Amino acid sequence: MKIALAGNPNSGKTTLFNTLTGSNQHVGNWPGVTVEKKDGTLRRNMGETVIIQDLPGIYSLSPYTLEEIITRKYLISDRPDAIINIVDASNIERNLYLTTQILEVGIPVVIALNMIDIVQKKGDIIDIEKMSEKLGVPVLEMSALKVVGETEVVRAALLAAKSGKCPTPITFSPETENVLREISELIKDYVSPQTLRFCSIKLFEHDGKTRLELPDAVKLQIEDLVYKFEDKAGDDSDSVIINERYNYISRITEECVILPHKGELTVSDKIDKIVTSRVLALPIFAAVMFLVYYLSISTIGGLMTDWVNETLFGEIVPNGIGAFLERIGTAEWLNALILDGIVAGVGAVLGFIPQMLMLFLFLTLLEDCGYMSRIAFILDRIFKKFGLSGKSFIPILIGTGCGVPGILASRTIESESDRRMTIITTTFIPCSAKLPIIALIAGTFFPRSAFVAPSAYFIGMAAIIVSGVMLKKTKPFKGASAPFVMELPAYHPPKPSAVLRTTLNRGAEFVQRAGTIILLASVIIWFLSNHSFSFRVSDVADSMLAVIGGGLAPLFAPVGWGKWEAVVAALTGIIAKENIVGTMGVLYNKTGIETAFTPLAAYSFLLFNLLCAPCLAACGTVAQEMKSRKWTAFALGYQCGFAYIVAFIAYQLGRFFSGTGFGVGTVAALVLVWAMLMMLFRKGEKKWRQS
Ligand code: BGO
């Protein structure tokens, strides 16, 4: 028996799915979290095996977004035995719009009025018996979050599935019904009786994605019918259907829902008036992110990291392991490999755990209380001003954890050019693996500046906007951006256990990477830095690594760090970004990282590594999502080129403004700034038409 969970985004499908199946799918408060259908087996014994399917959240069964396409294809072609339509009862009018369409697909339906806890708290009243009578299907109250009513809902769905009784679809106006009846007559031999109503409505709405094998003559007859209807109605057929659905919903809610506090502002609304206000939203967001980075990297996390780096991995661990190796009498090369390679490399990365945990904790708190979705909302407004799709921001938010799911989340963007642009720019936002680099540079070279660590975040955001605006003005990316619909969930106090679990999970992933990929890379770096192409060397400057890095170093002299060690570190970052710190740990184990750069060169190094092509896993995801070698090469080339230009401008102008140098580099940097400004402010489309 297969039961599908269908509803609007954020109506609580995944929460219910997790409760019913014991899964641990991510519950989030922005769209795009469930892009694929997920299956699980009902935990509770109901006498038979029941497969529960969590479908992507949708607002309608029109075939425009990826979520709509997946959900609709599944409901129409694969056909579950019953649908549990999850309706956010605190937002009932908008949610019922989808319900009116679900009633048309010819599958038994049960409506679960979720979030009933919120409804009760607000003092609203829903007459579920009357609603059930009006809609002609069972309607039950539920709170997926508080685990109330979910067993009754499943039981009702099983009963509905067994009875096989399909709901009666809503009735439209007589004029619309006449045309629908005629369309049904014309197509009844080509579709199953269960989907006849759905297909007739879709054909009436000019829904081109209804792939029916109809004879051309039938298609022409249908078109003729609909055009005549539209002429008479003076409106598009799909607009007529939308209006009639909303009129129907209004009648139902008027009769079944009492809202005694309608129009009153809730606490969340009051907070939002300030937090999302046009004037204060951005300064508040900037202050929050500044505080998050400042507290995690410079103060609380920084203090702990100093101890972990200097005392734990600087003395206690190496001394302990050194003494142990001496006692068991290991060979000198093995001692060196373990202490100078593994301990120095892995230890350098692990040293940043306190800062990482603090950042994860703050970001999880912001997400859990509901502020992250406000950030998406605020930035959507800004993105729109620049002609960018607000939908791009969800991948970016997800990308603050890891670029791979961030890039994958771009699938929710319908416009191909916007999607490509989002894939190219998402990894500009610092992911967790870039955090150790930020912390290392901020802590070592700018210990007294509170702005360096937070600047990484703001530079990532600026890089996304600047790149977006510039790319949007080129032919392959131009075009209007799709609107982005998202609702803001009510703020709620974060759940300590959930916050702790997420923070520790993210921390554990980081440790796991340090124990695998970083460990392996540290061993390789140590080997290459201790051997020449023919034998072991005593001076690292003669090593294979020095030769490889030295060959590329002149390329990076104009950005201030033309040393082979820095170049090699940046190269190893392509495998995994944490490697940059691990490699520095191995290569500067004896002399100390502070000897590697001047502060300005260190900042340029940070900028380059923040913005250049991401790690191998993310590069692979870019290739997978671009589905084209040309576009993948463009994406990675653009990222590296952009990173180089930004680092170059920062270094050259930094030298000029600090009075340490003026030359060809300064002029080149000024020309680049001018060129970027021209790209940003020129009139995009006009230019292209001229060319
Ligand atoms: C957040 N009652 C209440 N009050 N909330 C519920 C209920 C319920 O019955 N059911 C679900 N939610 P999904 P989709 C959140 O994540 O299952 C909440 O898209 C937040 N998270 O907890 O993901 C649920 O699968 C920070 O809320 O829905 C989740 O359909 C602040 O509804 C949201 C506020 O649930 C969406 C909410 C970090």
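Below is a summary of the structure that appears in this document.

## Quick word on the pattern of salt bridges
Reasoning step 1: Summed over the entire model, instances satisfying the criterion amount to 15 salt bridges.
Reasoning step 2: Here Arg-197 and Glu-177 are joined by a salt bridge, their closest N and O atoms 2.8 Å apart. Of this pair, Arg-197 sits in helix α8 (residues 196-204) while Glu-177 is found in helix α7 (residues 174-187), placing the two residues 20 residues apart along the sequence.
Reasoning step 3: Using a relative accessible area of 11% as the deciding quantity, one classes Glu-177 as buried.
Reasoning step 4: Beyond isolated ion pairs, a larger network of salt bridges with shared partners links Glu-416, Arg-419, Arg-420 and Glu-625.

## What to know about the packing of aromatic side chains
Reasoning step 1: Summed over all chains, the structure comprises 23 aromatic pairs.
Reasoning step 2: Relative to Phe-662, the ring of Phe-656 has its centre 5.5 Å away and its plane inclined at 55 degrees; by these criteria the two rings are tilted.
Reasoning step 3: Cluster of aromatic residues (ring-pair linked, three or more members): Phe-445, Phe-556, Trp-561, Phe-597, Phe-605, Phe-608 and Tyr-644.
Reasoning step 4: Positioned above the aromatic ring of Tyr-491 is the side chain of Arg-374, whose terminal nitrogen or guanidinium carbon lies 3.9 Å from the ring centre.

## Some points on the site of the ligand
Reasoning step 1: In the vicinity of the ligand lie 25 residues, with Asn-10, Lys-13, Thr-14, Thr-15 and Asp-117 positioned nearest.
Reasoning step 2: Taking Asn-114, its side chain carries an N or O atom lying 3.1 Å from an oxygen atom of the ligand.
Reasoning step 3: Backbone polar atom of Ala-144 to an oxygen atom of the ligand: 3.0 Å apart, as the coordinates give it.
Reasoning step 4: When the ligand is considered free in solution it has 750 Å² of accessible area, and contact with the protein chains removes 91% of it.
Reasoning step 5: Breaking the shell around the ligand down by element, the ones donating at least two residues are α1 (13-21), α4 (116-122) and α15 (353-369).
Reasoning step 6: Taken together, the residues of the shell around the ligand break down into 9 nonpolar, 12 polar and 4 charged.
Reasoning step 7: Both domains that meet at the shell around the ligand, namely domain 1 (2-163) and domain 3 (283-644), each give it at least three residues.

## As for α8
Since the α-helix turns once every 3.6 residues, residues separated by three or four places project in the same direction.
Reasoning step 1: Most of α8 is tucked away: 8 of the 9 residues are buried.
Reasoning step 2: Of all the positions in α8, only Leu-196, Phe-198, Cys-199, Ser-200, Ile-201, Lys-202, Leu-203 and Phe-204 are classed as buried.
Reasoning step 3: Buried residues belonging to α8 abut α2 (66-78), α3 (92-102), α7, α9 (216-233) and α10 (237-256).
Reasoning step 4: With its phi angle positive at about 60 degrees, His-206 sits one or two positions after the end of α8.

## Side note on the pairing of strand β3 (residues 51-54)
Reasoning step 1: In this sheet, β3 lies alongside strand β1 (residues 2-7) in parallel orientation, the contact comprising 4 bridges. Directly across from Leu-5, in β3, lies its bridge partner Asp-54.

## Here we look at the environment of Arg-251
Reasoning step 1: Relative to the helices and strands, Arg-251 is located in helix α10.
Reasoning step 2: The exposure class of Arg-251 is partly exposed, given its relative accessible area of 45%.
Reasoning step 3: The spatial distance from the C-alpha of Arg-251 to the C-alpha of Pro-56 is 28 Å, given a sequence separation of 195 residues.

## Thoughts on the sheet that holds strand β2 (residues 38-41)
Reasoning step 1: With mixed pairing, the 6 strands of this open sheet are ordered in space as β2-β3-β1-β4-β5-β7. Bordering the open sheet on either side are β2 and β7 (139-141), each of which pairs with just one other strand. In this sheet, neighbouring strand axes are inclined to one another by 25 degrees on average, regardless of whether the strands run parallel or antiparallel.
Reasoning step 2: Here β2 runs beside β3; their pairing, made up of 4 bridges, is antiparallel. Across the sheet, the residue bridging to Gly-40 is Ile-52, located in β3.
Reasoning step 3: Strand contacts of α1: β1, β2, β3 and β4 (82-88), with the helix running at about 160 degrees to β3, the strand carrying the most contacts.

What counts as what
Residues numbered from 1 in each chain as written. Predicted model: local features only at pLDDT ≥ 70, side-chain atom pairs only at ≥ 80, totals over all residues. Heavy atoms only, no water. Salt bridge = Lys/Arg side-chain N within 4 Å of Asp/Glu carboxyl O. Helix = DSSP H or I, 4+ residues; strand = E, 2+ residues; numbered from the N terminus. Buried < 20%, exposed > 50% of the residue type's maximum accessible area, 1.4 Å probe, protein only. Phe/Tyr/Trp six-rings, centres within 6.5 Å; stacked < 30°, edge-to-face > 60°. Lys NZ or Arg CZ within 6 Å of the ring centre and 35° of its normal. Near = heavy atom within 4 Å. Polar contact = N/O pair within 3.5 Å; in protein donor to acceptor, adjacent residues only side chain to side chain. Areas by Shrake-Rupley, 256 points an atom, 1.4 Å probe, with all protein chains shown as cover. Nonpolar A, V, L, I, M, F, W, Y, C, P; charged D, E, K, R; others polar. Domains from an automatic or database assignment. Contact = heavy atoms within 4.5 Å. Pairing = 2+ DSSP bridges. Axes fitted to C-alpha atoms, helices over the stretch in contact; angles between N-to-C directions.

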